[in-house]
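Chains, contacts and geometry: an overview
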Amino acid sequence: MTTTLEYATWEELTEGTEHELTVGPITRTDLVRYAGASGDFNPNHHDEIYAIRAGFDKPFAHGMLQGGYLARLLSEWLGPGSFKNMKLRFNALTWPGDMVICKAKVVRRYEEAGERLVEIEANATNQRGDVLIKATATAAPRS
């Protein structure tokens with residue numbers, strides 16, 4: 001049996017169109033798995049004593065883990081390979097137990113050099129409404 005994935009098309013993506021993905025709660029296992037996948041073994045993300053001595057309450061998530069969740073949201077919405085660029089700005093830490101709520105919105109739809117493009121603004125917040133990361137992206141979704 002073959003499953004066909006349905007991605008949003010340029011024609012469907014009008015300004016104001018939104019998409020959302022919620023992940024979590026984040027676990028310490030998620031932190032260790034991301035460290036292994038990324039190669040980022042900063043002890044602030046897995047070593048309780050190290051993190052406390054560094055001034056934190058406990059280990060916290062890698063910023064790029066939330067960036068990955070935003071990329072997943074956009075890729076599942078618009079299709080893999082549709083991105084031209086993505087810029088991230090880190091705002092707050094994500095802790096084990098947090099939910100990560102990713103939201104994206106089309107803010108501009110245009111054509112340039114014969115290519116149909118959309119500009120996206122996205123962010124990831126936690127369950128308390130704290131903005132964890134903000135992102136902008138440009139994509140060329142399929143027609």
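Before reading further, recall that the structure is shown in the block above.
Since this is a predicted model, take the numbers as computed values, not measurements.

**Topic: the packing of aromatic side chains**
With the rule as written, the count across this model stands at two aromatic pairs. Their ring planes at 50° and their centres at 4.6 Å tell us that F56 and F60 sit as a pair that is tilted. Taking relative accessible area as the criterion, F56 reaches 25% and is therefore assigned partly exposed. Between F60 and W95, the aromatic rings sit 5.8 Å apart at their centres with planes inclined by 70°, giving edge-to-face as the arrangement. You can see F60 sitting in the loop between helix 2 (48-53) and helix 3 (63-78) and its partner W95 sitting in the loop between strand 2 (83-90) and strand 3 (100-112), a full 35 residues away along the chain. Three or more aromatic residues link up through ring pairs in this structure, and these residues are F56, F60 and W95. Above the face of the Y110 ring, R108 is positioned so that its terminal group lies 3.7 Å from the ring centre. Between R109 and the ring centre of W10, over which it is positioned, the NZ or CZ distance is 3.5 Å.

**Here's the deal with the pattern of salt bridges**
Applying the stated rule across the entire model yields eight salt bridges. A salt bridge links E115 to K84, with the shortest nitrogen-to-oxygen separation between them at 2.8 Å. Highlighted residues: E115 in strand 4 (residues 115-125) and K84 in strand 2, separated in sequence by 31 residues. Overall, E115 belongs to the partly exposed group, its relative accessible area being 29%. Of the charged contacts in the structure, one is a salt bridge between R108 and E119, with a shortest N-O distance of 3.4 Å. Remark: E119 occurs in strand 4 and R108 occurs in strand 3; sequence separation between them is 11 residues. The partly exposed category is assigned to E119, whose relative accessible area is 27%. Where salt bridges share partners, they join D98, R128 and D130 into one cluster.

About the cut-offs
Residues numbered from 1 in each chain as written. Predicted model: local features only at pLDDT ≥ 70, side-chain atom pairs only at ≥ 80, totals over all residues. Heavy atoms only, no water. Phe/Tyr/Trp six-rings, centres within 6.5 Å; stacked < 30°, edge-to-face > 60°. Buried < 20%, exposed > 50% of the residue type's maximum accessible area, 1.4 Å probe, protein only. Helix = DSSP H or I, 4+ residues; strand = E, 2+ residues; numbered from the N terminus. Lys NZ or Arg CZ within 6 Å of the ring centre and 35° of its normal. Salt bridge = Lys/Arg side-chain N within 4 Å of Asp/Glu carboxyl O.

Everything listed here is a matter of geometry and, on its own, says nothing about what the molecule does.
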